[in-house]
Amino acid sequence: MDKAYNHKHAEEKWYDFWEKSGFFKPEVNPLGKPYTIVLPPPNASGKMHIGNVLMIAIEDILIRWHRMKGYSALWIPGSDHAGAETQITFERELKKQGKSRFSYNRTELYQAIWGFVQENKNVIKKQIRQMGASVDWDRYAFTLDDKAISIVHNTFRKLAKDNLIYRGDYMVNYCTKCGTTYSDVELRHEERKDPLYYLKYGPFVLATVRPETKFGDTAIAVNPGDKRYKDWIGKEVEVEGLNGKFNLRVIADNFVDPLFGTGVVKVTPAHDKNDYDASLRHNLEIKPVIDMDGKLNEKAGKYQGLSVLEGRKRVVADLRDGNLLEKIDENYVHNVTLCKAGHDIEPMVLPNWFIKVDDKKKSLKKPAFDVVKKGLVKIYPKWREITYTRWIDEMHDWPISRQNVWGIQIPVWYEVVDPNKFYIWFIDKNNEYRHGNLGKLLDQDFKIDEIISGLQRVLAMANVSWVFADDKDDGKIYFPETDTFDTWFSSGQWPIATLGYPESSDFKKFYPTSVLETGWEILRLWVSRMVMLGIYITGKPPFHSVYLHGIVRALDGRKMSKSLGNVINPDEYIDQYGVDALRMGLIAGTANGKDFTFPKDRVIAYKHFANKIWNMGRFILVMINEYNVEIISLNSIDSKKFTKEDKAILKDVRKVVGKVDISLGKYRFADAGEEIYQFMWHTIADKYIEQVKNRDDKQIALTVLLHVYKTCLKLLHPFMPYVTEELYQYMPKEASEPNSIMIANWPIYEKSTSFNAK
RNA sequence: GGGCUCAUAGCUCAGUUGGUUAGAGCGUUACAUUGACAUUGUAAAGGUCAGAGGUUCGAAUCCUCUUGGGCCCACCA
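This report concerns the structure included in the present document.

Rules and cut-offs
- Residues numbered from 1 in each chain as written.
- Chains lettered and ligands numbered in written order.
- Predicted model: local features only at pLDDT ≥ 70, side-chain atom pairs only at ≥ 80, totals over all residues.
- Heavy atoms only, no water.
- Near = heavy atom within 4 Å.
- Polar contact = N/O pair within 3.5 Å; in protein donor to acceptor, adjacent residues only side chain to side chain.
- Helix = DSSP H or I, 4+ residues; strand = E, 2+ residues; numbered from the N terminus.
- Nonpolar A, V, L, I, M, F, W, Y, C, P; charged D, E, K, R; others polar.
- Buried < 20%, exposed > 50% of the residue type's maximum accessible area, 1.4 Å probe, protein only.
- Contact = heavy atoms within 4.5 Å.

What to know about the protein's contact with RNA strand B
Next, step 1: Taken together, the neighbourhood of RNA strand B is formed by 46 residues, with Y5, F260, Y332, N615 and W681 sitting nearest.
Next, step 2: Taken together, the sugar and phosphate atoms account for 63% of what RNA strand B places within 4 Å of the protein.
Next, step 3: T597 is positioned with one of its side-chain polar atoms (N or O) 3.1 Å from a phosphate oxygen of RNA strand B.
Next, step 4: Of all the elements in the fold, those that place two or more residues in the surface near RNA strand B are strand 8 (204-208), strand 13 (325-338), helix 18 (600-626) and helix 20 (669-692).
Next, step 5: Among the elements that take part in the surface near RNA strand B, helix 18 stands out by supplying ten residues, more than any other.
Next, step 6: Looking at side-chain class alone, the surface near RNA strand B contains 18 nonpolar, eleven polar and 17 charged residues.

Thoughts on the environment of T180
Next, step 1: Among the structural elements, T180 can be located in strand 6 (residues 180-182).
Next, step 2: When its relative accessible area of 1% is taken as the criterion, T180 is described as buried.
Next, step 3: Residues T180 and R402 lie 222 residues apart in sequence; the distance between their C-alpha atoms is 6.2 Å.
Next, step 4: Those residues within four positions of T180 in sequence are excluded, and the remaining contacts are N173, Y174, C175, R402, Q403 and N404.

Notes on the side chain of T518
Next, step 1: For T518, the location among the structural elements is in strand 25 (residues 513-519).
Next, step 2: Those residues in contact with T518 that lie beyond four places of it in its chain are P40, W526, V527, Y547, L548 and H549.

Details of unusual backbone geometry
Next, step 1: The amide bond that connects Y501 to the next residue, P502, takes the cis arrangement and shows omega of 0 degrees.
Next, step 2: Checked against the element boundaries, P502 lands in the loop between helix 13 (494-498) and helix 14 (505-510).
Next, step 3: The phi dihedral of N283 is positive, around 60 degrees, even though this residue is not glycine.
Next, step 4: Among the residues examined, N283 registers a relative accessible area of 71% and is labelled exposed.
Next, step 5: Although it is not a glycine, D445 sits at a positive phi angle of roughly 75 degrees.
Next, step 6: Along the polypeptide, D445 turns up in the loop between helix 10 (438-443) and helix 11 (448-453).

Just geometry here; none of it tells us what the structure is for.
See below:
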């Protein structure tokens with residue numbers, strides 16, 4: 001043995017050994033009770049981050065612990081295509097090469113991203129192995145595998161058959177730069193200072209940040225309790241506009257805050273969420289003035305073709321010239337909504353695919369709420385439960401279509417009866433990128449075949465009829481739906497997809513899975529959807545428990561982000577301190593699922609710990625050698641020969657086993673790790689080993705020591721697999737030890753079995 | 001505006017239903033040690049447990065308020 005522990009040696013050696021031994025597969029123990037975890041698939045858009053490392057460490061502890069205890073343990077690895085995120089990352093790469101997605105047709109773009117993702121997937125696989133994760137690689141899955149896609153398609157069909165799918169006009173968060181719709185949870189809000197313009201508006205003055213949308217105004221609103229405007233309610237007023245005079249009705253609605261601005265609001269249902277909601281209440285016309293590409297349309301008259309911001313400038317200038325601008329508040333601070341890429345979100349009314357989540361006949365959200373309330377799905381830590389239940393309670397219909405190429409295409413076709421109900425994006429035969437109303441495009445002598453062969457995107461109005469591919473009639477013209485599913489719709493079926501629903505033996509044996517372990521930030525995005533869809537498809541929630549770990553913050557205590565430059569790269573820590581130390585250090589920070597600062601000191605401390613137990617092992621071997629001790633079975637020693645130190649340590653180690661079992665059963669990983677650490681260092685090494693040095697009965701002392709030491713190695717194995725395996729292999733074996741590999745070898749003591757497996 | 005959460009040693013954090021002198025890692029100081037240990041061991045210093053009030057035989061722990069952080073949701077034209 002080397003004088004000091006070399007983590008690099010151990011890390012190179014043991015992973016293959018474990019994998020080849022077959023112990024990563026549940027088949028190695030077919031009679032054991034199933035214990036299953038589906039790895040939350042890391043995004044194939046890039047490398048793993050420190051949060052993934054924590055996630056893998058926790059899940060590996062759970063899996064190794066159960067495997068050692070005799071469960072048929074299965075941990076399924078995978079990668080997520082991560083639709084929008086990956087496409088944005090890829091397009092950023094393209095930009096560096098001076099290209100964009102418009103340089104490709106759909107198929108080419110999909111292929112190009114596929115290649116890009118393939119590289120990332122391989123890197124991630126390597127990192128998962130390096131972490132020591134005892135996953136079953138034969139069951140590795142990707143969210144765009146044919147199998148996964150077909151399950152997602154089937155679910156969509158089932159939903160459609162149950163009338164839980166509809167297309168509808170809906171106010172969506174549209175990004176005119178990304179060319180796609182985002183769900184609420186994919187957005188962020190940012191405080192920003194913008195000018196607030198006070199416009200003269202017929203008999204009123206009103207305040208707005210967005211004067212350029214005034215061409216889409218279809219009403220004026222005041223608060224019903226506002227005495228100043230009481231007499232105007234219900235009346236039509238004439239407004240002098242930049243494109244001539246027009247008339248608007250004055251409505252009363254509670255959404256208007258009488259204290260803001262002048263207490264009068266222009267209502268623009270097509271481009272504002274509040275106004276849209278009000279328009280439904282008051283039956284107002286919805287009049288879009290912004291196009292899909294973020295430019296003002298024909299309703300803006302002479303401003304047509306200008307971008308929103310240019311339009312705003314021109315409109316403001318003209319209002320000023322026309323003496324229609326009362327004043328400007330330059331210091332107005334408000335929240336704006338941005339997409340992931342940082343562009344302004346444009347609220348627009350567009351046709352979308354929706355899942356009805358609270359249908360009267362077949363509610364999706366009710367059972368998802370109930371299973372958690374009734375404790376059929378337990379959430380740890382418990383106080384996170386309220387986040388889940390509140391979210392489910394408030395959940396509204398789920399828009400599931402995304403305008404990305406990278407994803408699972410919605411398997412639907414539209415019959416082209418009235419071309420004017422289609423808006424089309426395509427590349428023509430001269431490689432020119434074009435888009436527009438299909439009727440107009442056909443008038444311009446583009447042929448259907450040419451359009452279809454260069455097709456980029458189809459937007460059909462909400463009332464166009466659609467069919468599944470099998471139901472297409474010969475001789476009719478169809479356009480495919482080009483939208484793909486929201487990734488959370490497909491990953492919401494991940495436990496089912498990875499286990500091969502409905503026929504496979506895996507599904508029958510391992511579903512529902514034991515625990516879903518992930519960061520709390522995707523509790524609503526992902527966990528809630530899995531519960532909802534899992535119950536809908538199979539009748540059972542996909543897991544018994546949910547364990548939510550906290551987010552690892554940077555060394556400065558802030559959230560890690562590329563822009564702050566405080567991102568922690570796990571590679572450096574693995575290189576310097578070793579996988580075991582990094583895993584253990586991270587675990588020690590996770591006590592109750594709160595966010596925590598990256599515990600660098602502890603990583604170093606556990607590197608020292610690895611070295612400490614290494615040298616304890618060395619000491620044992622040196623002594624055995626020096627005193628030429630024959631190792632016998634602990635049971636064969638007459639108990640009268642034990643000293644009080646022997647008896648005490650044997651009693652203590654049992655207690656430690658019991659405590660570790662109990663802590664792990666409660667997902668208290670830090671407690672369990674700390675217990676082993678303290679016992680090994682400050683009881684075995686500091687006390688027991690010191691007295692061994694002076695013992696005359698070296699054989700008994702060393703037999704006891706070896707037994708206690710190896711018991712601790714086993715306890716520690718789920719946390720620090722590499723160093724423990726290496727040491728275990730150095731140690732002499734007792735005849736009673738069934739396996740010469742740590743992986744199936746949990747210490748069992750009668751009083752230590754009180755733990756909850758599921 | 002609604003909700004969650006936190007404030008404990010110089011730093012990062014434990015402290016599980018309220019119960020003896022409040023703990024760990026790192027750091028600091030002193031001494032010892034180079035025949036297991038990139039050292040390690042022994043010991044020490046360091047906290048009015050954010051503040052105020054209350055419940056209790058007893059509060060870091062339960063309740064109320066105050067102050068100051070973090071986060072989530074909603075979002076104001």
